[in-house]
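Summary of structural features
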Amino acid sequence: MKIVNSTRTRTRTLAVAAVVGAAALVLSGCSVDNADAPSGGSTGGSDSKTIGVSMSFVNQFYSAAQEGMEDEAEEQGYKLTVLNAQGNSSTQVNQVQNLVSQGVGSIIFIQLDASSGGASLDQASAAGIPVIGVDQVPVSDDYVTYIGSDSVEMAKQTCDYLNELLGGKGQIAIVEGIPASSTQMQRTEGCGDVLTANPGLDVVSTTSADWDQNKAVSVFTNVLTANPGLQGVFAQNDDMALGVASAIQTAGAPQIPVVSIDGFPAAYTAIEDGTMTSTMSQQPYNMGRLAVKNAIQAMNGDAADIPKTQIQDSVLVTKDNLDEARAAKYYGSQG
């Protein structure tokens, strides 16, 4: 098992599609809403005991991060108002404006893209509201801290493992996320370093499935048809890896190594079933808890004591350490 403990600032921007429905979760002490106008939170003026959360969309990673936020906020006696943009930049900007208008004490911000990031941070800064960035580095430097993983290093370890499985040679396919998103570029960079060092790995197909599981099924069905000699796959996130695995099963093709990044509980199940080979597991539940701790600290005037960048460990999960990874509960109650 390899563990990342990197201080590099190049980090993961998970712009995952595979949007789950806009379900609202309500826990004691927390209000959660996916509409533009929050419900259950402060309706105006300053509310120093409320933390606003702006999320870009929903998947297992973000659900786990939200659970961590909710648990920490409840323990600390703070309220959360959670808004989800469902993959729409304009919606995220409007929702942050909503949080600013409420006068929340701080904002935990999961940026969708540069457009929503710049406008949102400008709004929070103008109102004097501290911002805690999670999962991807905000485009502006006007935030208290960034909490995330090192996407470059995770991709290196993932592709190193694929190279090891193939004995340094073989035809492989790469399924990328949204083109030019920072996560896509970082994971391409990390795997690219491994490919440069191991010329025996022959990339016969590079396609994009926009982080989406259903799109990956469609895209990879065509890849399989065009490349019958394929020997391995690097999918840049678990949603797409699960789509790849489904396409392989549906086509009745021989099972080949499929490696990925994220650590979704569904990916653990696929590894157990043998349809996926590995995933680099992040720790979103703990990221969520840390984000709330930092938000409260910043609201209390101690932002200067918080590190600007906080890179969290990630773990290569295979069948060999699957039980250990599940027991660690990186994804909270999801597993």
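You'll find the structure just up there.
Attention in this report is confined to the structure presented alongside it. Just so it is clear, the structure is predicted and the values come from calculations on it, not from any experiment. (Residues numbered from 1 in each chain as written. Predicted model: local features only at pLDDT ≥ 70, side-chain atom pairs only at ≥ 80, totals over all residues. Heavy atoms only, no water.)

Helix and strand counts for the protein chain stand at 10 helices and 14 strands. Within the protein chain, the proportion of its 335 residues that are buried is 58%. Of all intrachain contacts in the protein chain linking residues separated by at least 6 positions in sequence, the fraction that spans at least 24 positions is 78%. Accessible surface computed for the protein chain: about 12,200 Å², of which carbon and sulfur atoms make up 48%. (Helix = DSSP H or I, 4+ residues; strand = E, 2+ residues; numbered from the N terminus. Buried < 20%, exposed > 50% of the residue type's maximum accessible area, 1.4 Å probe, protein only. Contact = heavy atoms within 4.5 Å. Areas by Shrake-Rupley, 256 points an atom, 1.4 Å probe, with all protein chains shown as cover.)

What follows covers the packing of aromatic side chains. For the coordinates displayed, the defined rule picks out 4 aromatic pairs. Pairing phenylalanine 61 with tyrosine 62 gives two aromatic rings, centres 5.3 Å apart and planes at 85°, and the pair type is edge-to-face. Ring geometry for phenylalanine 264 and tyrosine 331: centres 6.0 Å apart, planes at 75°, overall edge-to-face. Of this pair, phenylalanine 264 sits in the loop between β11 (258-262) and α8 (265-273) while tyrosine 331 sits in the segment after α10 (322-328); the two residues are 67 residues apart in sequence, bridging distant segments of the chain. The two residues phenylalanine 264 and tyrosine 331 agree in class, both being buried. Taken together, Phe57, Phe61, Tyr62, Phe264 and Tyr331 form an aromatic cluster joined through their ring pairs. The ring of tyrosine 78 carries the charged tip of lysine 49 above its face, separated from the ring centre by 3.9 Å. (Phe/Tyr/Trp six-rings, centres within 6.5 Å; stacked < 30°, edge-to-face > 60°. Lys NZ or Arg CZ within 6 Å of the ring centre and 35° of its normal.)

Bringing the pairing of β11 into the picture now. When a strand is regular, its side chains alternate between the sheet's two faces. For β11, the buried fraction is high: 5 of the 5 residues fall into the buried class. The side-chain alternation of β11 yields two buried faces, one formed by Val258, Ser260 and Asp262 and the other by Val259 and Ile261. Where strand β10 (residues 232-235) and β11 come together, 2 bridges link them in parallel fashion. Bridge pairing in β11 links phenylalanine 234 to valine 259. Handedness of the crossover joining β10 and β11 through helix α7 (residues 238-251): right-handed. Judged from the 4 bridges that link them, β11 and strand β12 (residues 278-281) form a sheet pairing that is parallel. Bridging from a neighbouring strand, valine 259 pairs with serine 278 of β12. Read as a crossover between parallel neighbours, the route from β11 over α8 to β12 is right-handed. (Pairing = 2+ DSSP bridges. Right-handed = clockwise from strand over helix to strand, strands pointing away.)

Running from N to C, helix α6 (residues 213-226) and α7 cross one another at 45°; their axes reach a closest spacing of 7 Å. It follows that α6 is oblique to α7 by the angle criterion. Of the two elements, α6 crosses α7, and the hand of that crossing is right-handed. Contact residues: α6 offers Gln213, Ala216, Val217, Phe220, Thr221 and Leu224, while α7 offers Asp239, Met240, Leu242, Gly243, Val244, Ser246, Ala247, Ile248 and Ala251. (Axes fitted to C-alpha atoms, helices over the stretch in contact; angles between N-to-C directions. Parallel < 35°, antiparallel > 145°, perpendicular 65-115°, else oblique. Left-handed = near helix turned anticlockwise from the far one by under 90°.)

For the structure on display, the rule yields 1 disulfide. The disulfide bridge from cysteine 159 ends at cysteine 191, spanning 2.1 Å between sulfur atoms. Of note, the bridge from cysteine 159 to cysteine 191 carries an S-S torsion of about -100° and is left-handed in sense. In this pair, cysteine 159 is assigned in helix α4 (residues 151-165) and cysteine 191 in helix α5 (residues 182-197), connecting sequence segments 32 residues apart. The pair cysteine 159 / cysteine 191 is uniform in exposure class, with both members buried. (Disulfide = S-S within 2.5 Å.)

With 14 residues, helix α2 (residues 89-102) extends 20 Å between its outermost C-alpha atoms, agreeing within 8% with the 20 Å of an ideal straight helix rising 1.5 Å per residue. Along α2, the residues classified as buried are Ser89, Thr91, Gln92, Val93, Gln95, Val96, Leu99, Val100 and Gln102. At the N-terminal end of α2, a side-chain oxygen is found 3.0 Å from the backbone nitrogen of serine 90, two or three residues along, and the residue is asparagine 88. Glycine 103 sits one or two residues past α2 and shows a positive phi near 80°. (Expected span 1.5 Å × (residues − 1). Polar contact = N/O pair within 3.5 Å; in protein donor to acceptor, adjacent residues only side chain to side chain.)

Right, let's get into the pairing of strand β14 (residues 314-317). Side chains Ser314 and Leu316 project from β14 onto one buried face, and the interleaved Val315 and Val317 project onto a second face that is buried too. Pairing between β12 and β14: 3 bridges, direction antiparallel. Its bridge partner lying in β14, serine 281 is registered against valine 315.

Here we come to the nonpolar core. Among the nonpolar cores identified, the biggest contains 61 residues, and Ile51, Ile108 and Phe220 are the most heavily contacted of them. Here this core gets 8 residues from one element, more than from any other, and that element is helix α9 (residues 284-299). Apart from residues no more than four positions distant in its own chain, isoleucine 108 is found in contact with Ile51, Gly52, Val53, Ser54, Met69, Ile132, Val134, Ala291, Val292 and Ala295. Within the second largest apolar cluster, 17 residues are counted, among which are Met154, Ala155, Tyr161 and Leu166. (Core = buried A, V, L, I, M, F, W, Y, C linked by side-chain atoms within 4.5 Å.)

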